[in-house]
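Coordinate inspection notes
Each chain is listed here by its residues.
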Amino acid sequence: MLEQINFFISILPKLWQGLVVSLQLSVGALAFGLVVGLPMALARTYGKGVVKSIAVFYIEIIRGTPMVLQLFLIYFGLADVGLVLDRVTAAILALGINSSAYQAEYFRGAILSIDDGQMMAAEALGMTKRQAIINIILPQAFRLVLPPWSNELIYMVKYTSVAFLIAVPELMARGKMIISKTFKPIETLFWVGVIYVIVLSLIAKIVDIIEDKVSIPGFQMSREEI
Amino acid sequence: MKESSGSQVYDIKVINRKVNNMTKPILRIQNLHKKFGSSEVLKGLNLTVDEGEVVVIIGPSGTGKSTLLRCINRLETPDSGEIYLEDQKIEHGKTNLSRMRQKIGMVFQDFNLFNHLTAIQNVAIGPVKVKKIDKAKAMKAAERELERVGLKDKANSYPAELSGGQKQRVAIARALAMEPKVMLFDEPTSALDPELTGEVLAVMKDLAKAGMTMVVVSHEMGFAREAAHRIVFLEDGIVSEMGSPEKIFNNPEKQRTREFISKITSLSGEGSA
Amino acid sequence: MSMRYTEVFNSIPYLLQGVGTTLEITIYALFLGAFFGLLLALARVYGGNISRRFAILYSRIIRSLPLLVILFLLFYLGTEVINFSEFQAVILALAIHTSAYQSEIFRGSIQSISKGQMEAALALGMSKTQGIFTIILPQALRRAIPYWGNEASIVLKDSSFAYVLGVLEILRRGEFVIARTGQALITYIIVGIIYLILTSILTKCLSIGERKFRIPGL
C-alpha cells in the first residue's frame with residue numbers, strides 16, 4: 001500500500017500537467033460547442049428551408065458518427081488537403097464540433113419543452129418573434145438546459161481523453177507515457193482513473209451549487225433524471 | 001354608477017351610454033373567415049365594439065369564440081375579412097402588428113405568465129422591451145398595476161409560487177401595463193378552481209367600471225349580467241344573436257339562444273332570472 | 001490523384017468487412033451491459049442497503065472513467081493477469097462502461113412507474129418479485145426503449161475505440177486503407193458514411209420497436 005502511494009506521489013506531477021491540459025481542452029471545446037450549438041438549435045427550431053436543412057444535416061451527421069473518427073478527419077484528413085492544424089487546435093475543434101451537435105439538441109429540447117403559451121403571450125404584448133425568443137424563450141431555455149448541459153460539461157472532461165490518440169499531452173496521454181517508462185500499466189491506469197473520478201465528482205459538486213444558485217421556482221429539474 | 005341588480009337597470013345602462021354619446025366604435029370586425037383544415041370555424045363574422053363597452057361572447061364550444069379573439073390580435077391569421085382598431089386596419093407586417101398588439105391587451109385561459117420572471121417583472125417586461133420605457137419607471141408603473149389587482153405583496157413571487165387566481169390577476173396587470181385600448185379575455189376563469197374565480201371576476205368588474213373596453217369570452221353568467229353592456233351569442237361561426245343582458249337572458253329571439261342560456265345557467269347553478 | 005481515389009473506392013468492400021466485427025462488438029457489449037445494467041437498477045431500487053450502495057458506487061465510478069481508461073485497464077489485465085483476447089477486452093470494457101449508463105436508464109424508468117402499480121400487485125397477493133417481473137418491468141422496459149436506443153447508438157459509435165487495441169473493425173480497416181493509399185480525408189469520409197448508415201438503421205429499427213411495443217397511455 002505504502003509502495004502504491006509512493007508510486008502515486010512520484011507520478012502525480014506529470015499527471016497534474018495532463019489534467020490541466022484536459023481541463024483546458026474541455027473549456028475550449030465546451031465554449032466552441034456553445035457558440036456553434038446555440039445558433040444550430042435556433043436554426044433547427046425556428047429556421048425554415050435551407051437554414052433548417054443545414055442545421056439538421058450538421059447535427060445528424062455529427063451525432064451519427066464516432067468522436068474518434070471526427071478527430072482523425074480533422075487532424076489527419078484535413079492535412080491531406082493542405083489544412084494542417086496543430087494537435088491542440090485540432091482536438092479542441094473536433095471536441096467542440098462534436099459537442100456543438102449535442103448542445104444544439106439540448107437547447108432544442110429545452111426550447112421545445114417551453115409551453116406555446118409563452119410565445120403567444122409575448123406576441124400578444126406586441127413583441128416581435130425575435131424579441132420574444134430573446135426575452136422570453138431563451139432565458140427559460142438557458143435554465144432548462146442547465147441539467148443536460150452540466151452533464152455535457154462533466155462528460156466533456158472524460159471525452160478529452162480521445163485527444164491522446166493524436167498525442168495531445170492530456171491526462172490519459174500522460175498515463176500512457178508513464179506506463180511506457182515504468183512498465184506499471186495497471187497501477188498507473190488505476191491512479192489515472194482515481195484522478196478522473198475525483199475531478200468529475202468535484203465538478204459535479206460545483207455544478208450542483210451553481211444550479212442551486214440560479215434556480216427559480218417552477219424550474220426544478222435534477223440532473224440525473226431521464 | 002352601475003347597479004348590479006334589477007333587470008331594468010341594464011337597459012338604462014345602455015341608454016345612458018347612448019345619451020352620453022359614448023357610442024364611438026373602437027373595434028370593427030368585418031366578414032371574418034377562418035378555416036382550420038376543412039372545418040370552417042368563422043364564417044363571415046361581423047361585430048362592432050364601442051369604446052368603453054363590455055361585450056361578453058357566449059356560445060357552444062367549438063363555435064370559434066377563442067378563434068375570434070385570437071384573430072383580433074392576429075395570434076391566428078384570418079383567411080379573409082378585416083379588423084379595424086380605431087379605424088386602423090390590423091394586418092401582418094411587423095411594425096403594424098406590434099403596434100396594434102400593444103393596443104390590445106390579451107388575457108389567456110391558462111395565464112401564460114412568463115415562468116422565469118417574477119410577478120412584477122412579468123408586468124414590466126412589455127413596457128420595457130416593447131415600448132422601450134425606462135426600466136425604473138416601468139417597475140414603478142408595474143407596481144401600481146399590481147396594486148390595482150390587489151397583488152402588490154406578491155410582486156417578487158414567481159408564477160410557480162402563485163395560486164391560479166393570483167396568476168390570472170398578474171396576467172391582467174401585465175396586459176394593463178401596456179395601456180391597451182381594448183382588453184380581450186379568453187375564458188379567463190375556466191382554468192380556475194371555483195373558489196378562485198371570484199377574485200379574478202372582481203378585478204374584471206372593476207376594470208369594466210373604470211370604462212375599459214372589454215371583449216370577454218366567458219360563461220360566467222353572473223359577470224355577464226352584472227358587467228356586460230351587450231351579450232353576443234356566437235353559433236356556427238357567426239353572431240347568431242346579440243343584445244343587452246336583459247334581452248338575452250329573459251327574451252332571446254331565437255330558440256337556440258334560449259336553450260343555451262338555460263343549459264348554462266342550470267349548469268352553473270344559477271336560476272334564470 | 002484520381003488513381004488514388006479509385007484505390008480507396010476499391011477498398012470499400014474491405015472496409016465493409018469490418019461492419020460485421022463492429023456489429024458483433026456492439027451487440028455483445030450492449031446486451032451484456034443491459035443484463036448487468038438491469039441487475040444494478042433492480043439492486044438500486046429494490047435492493048438492501050449494501051447492494052444499493054454498491055450499485056450507486058459502481059455507477060458513479062464507471063461513469064466518471066473515460067472509456068479509454070477502462071479499455072486499457074482491461075487490455076493490460078488481459079495480457080498480464082488474466083488471459084483474454086483484445087476482442088474480449090473490448091467487449092468487456094464497452095459492456096462495463098454501458099452497464100453503468102444503462103443502470104441509470106432502467107432505474108429512471110422503474111422509478112417512473114407509479115407506486116400504485118406495485119401496491120395493486122401486492123394487493124392481488126403477488127410477491128414483490130412477481131410484482132417486479134410481471135407488473136413493473138414490462139412497463140418500465142417499454143418506457144426505457146427511447147433512452148436505451150440512444151445508448152445503443154452510443155455503444156455502436158464507441159465500438160470504434162476497439163481500433164486502439166488493433167481489433168479489425170471499420171475504423172481500423174480504414175487506417176490500413178490510409179496506410180496503403182495515403183488518402184486520409186476521403187477514407188475517413190467513407191468510414192463516416194458507413195457509420196452514419198449503421199446508426200440510422202439502428203435508430204430506425206428502434207423506433208419501429210418502440211411503436212410495436214407501445215401501449216396506449218404508457
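Provided above is the structure to which this section pertains.
We now turn to the structure provided with this report.

Rules and cut-offs
Residues numbered from 1 in each chain as written. Chains lettered and ligands numbered in written order. Predicted model: local features only at pLDDT ≥ 70, side-chain atom pairs only at ≥ 80, totals over all residues. Heavy atoms only, no water. Helix = DSSP H or I, 4+ residues; strand = E, 2+ residues; numbered from the N terminus. Buried < 20%, exposed > 50% of the residue type's maximum accessible area, 1.4 Å probe, protein only. Contact = heavy atoms within 4.5 Å. Areas by Shrake-Rupley, 256 points an atom, 1.4 Å probe, with all protein chains shown as cover. Buried area = accessible area lost by both parts, 1.4 Å probe. Salt bridge = Lys/Arg side-chain N within 4 Å of Asp/Glu carboxyl O. Polar contact = N/O pair within 3.5 Å; in protein donor to acceptor, adjacent residues only side chain to side chain. Patch = residues over 30% accessible without salt bridge, like charges linked within 9 Å, V, L, I, M, F, W, Y side chains within 5 Å. Nonpolar A, V, L, I, M, F, W, Y, C, P; charged D, E, K, R; others polar. Pairing = 2+ DSSP bridges. Core = buried A, V, L, I, M, F, W, Y, C linked by side-chain atoms within 4.5 Å. Axes fitted to C-alpha atoms, helices over the stretch in contact; angles between N-to-C directions. Parallel < 35°, antiparallel > 145°, perpendicular 65-115°, else oblique.

It is worth spelling out the overall build of chain B at this point. Of the regular secondary structure elements, chain B holds ten helices and ten strands. The buried share among the 273 residues of chain B stands at 54%. Across chain B, every contact between residues at least 6 apart in sequence was considered, and the portion connecting residues at least 24 apart equals 66%. For chain B, the exposed area adds up to about 12000 Å²; of that, 46% sits on carbon and sulfur atoms.

Let us look at the interface of chain B and chain A. It is common to give the size of an interface as the accessible area that goes away when the parts come together. Taken together, the contact between chain B and chain A spans 24 residues of the former and 21 residues of the latter. Buried area between chain B and chain A, summed over both chains or domains, comes out near 2000 Å², and the portion from carbon and sulfur atoms is 65%. It is B:Arg101, B:Phe114 and B:His116 that lose the most area in chain B upon contact with chain A, and together they represent 30% of the buried surface on that side. Where chain B touches chain A, the interface holds zero salt bridges. One can count eight residue pairs in polar contact (both at pLDDT 80 or more) joining chain B with chain A. Looking at the side of chain B that touches chain A, the elements with two or more residues in it are helix H3 (94-103), strand S6 (104-107) and helix H4 (119-130) of chain B.

We now examine a nonpolar patch on the surface. Residue and element names in this part refer to chain C. A cluster of nonpolar side chains, contributed by Leu32, Phe35, Phe36, Leu39 and Leu92, occupies part of the molecular surface with about 440 Å² of accessible area. Considering each element in turn, the nonpolar patch owes the most residues, four residues, to helix H2 (residues 12-46). Relative to the elements of secondary structure, Phe36 occurs in helix H2.

What follows covers the interface of chain A and chain C. Contact residues are listed per partner, giving 35 residues for chain A and 40 residues for chain C. For the pair chain A and chain C, the summed buried area comes to about 3100 Å², and 73% of that belongs to carbon and sulfur atoms. Run the count over chain A and chain C and you get zero salt bridges. The tally of links from chain A across to chain C stands at ten residue pairs in polar contact (both at pLDDT 80 or more). When residues of the side of chain A that touches chain C are traced back to their parent elements, those giving at least two are helix H2 (49-63), helix H3 (67-80), helix H6 (129-159), helix H7 (171-182) and helix H8 (185-214) of chain A. Of the residues that constitute the side of chain A that touches chain C, the class distribution is 24 nonpolar, five polar and six charged.

With that out of the way, let us pick up the sheet that holds strand S5 (residues 88-89) of chain B. All names here are of chain B. Strands sit in the order S2-S1-S4-S5 across an open sheet of four strands; the sheet is antiparallel. Each edge of the sheet is formed by a strand with only one pairing partner; in this case those strands are strand S2 (39-50) and S5. Pairing analysis gives five bridges linking strand S1 (residues 25-36) to strand S4 (residues 80-85), with the strands arranged antiparallel. Residue pairing in the sheet places Ile29 in a bridge with Ile83 of S4.

Bringing the pairing of strand S3 (residues 54-58) of chain B into the picture now. Residues and elements named next belong to chain B. Burial within S3 is extensive, with five of its five residues counted as buried. What you see with S3 is no split at all: Val54, Val56 and Ile58 on one side and Val55 and Ile57 on the other are buried throughout. Summarising the sheet, S3 and strand S8 (residues 213-217) pair through four bridges and their orientation is parallel. Looking at S8, one finds that Val54 is bridged to Met214.

What follows concerns the nonpolar core. In this structure, A:Phe72 and C:Leu171 are the most contacted members of the largest nonpolar core, which totals 108 residues. No other element matches H8(A), which puts eleven residues into this core. Those residues in contact with A:Phe72, other than ones at most four positions away along the chain, are A:Gly77, A:Leu165, A:Ile166, C:Tyr163, C:Leu171, C:Glu175 and C:Tyr188. Residues B:Leu32, B:Leu42, B:Val182 and B:Val217 belong to the second largest nonpolar core, which totals 63 residues.

This part takes up the packing of H8(A) against helix H3 (residues 49-64) of chain C. Running from N to C, H8(A) and H3(C) cross one another at 100°; their axes reach a closest spacing of 8 Å. Taken together, the axes of H8(A) and H3(C) are roughly perpendicular relative to one another. Two secondary-structure elements touch here, H8(A) through A:Tyr196, A:Val197 and A:Leu200 and H3(C) through C:Ile61, C:Arg63 and C:Ser64. Here the residues of the contact of H8(A) with H3(C) are counted per class, giving four nonpolar, one polar and one charged.

Residue and element names in this part refer to chain B. Most of S8 is tucked away, with five of its five residues classed as buried. Alignment of strand S7 (residues 182-186) against S8, held across five bridges, turns out to be parallel. Bridge pairing in S8 places Phe185 opposite Val216.

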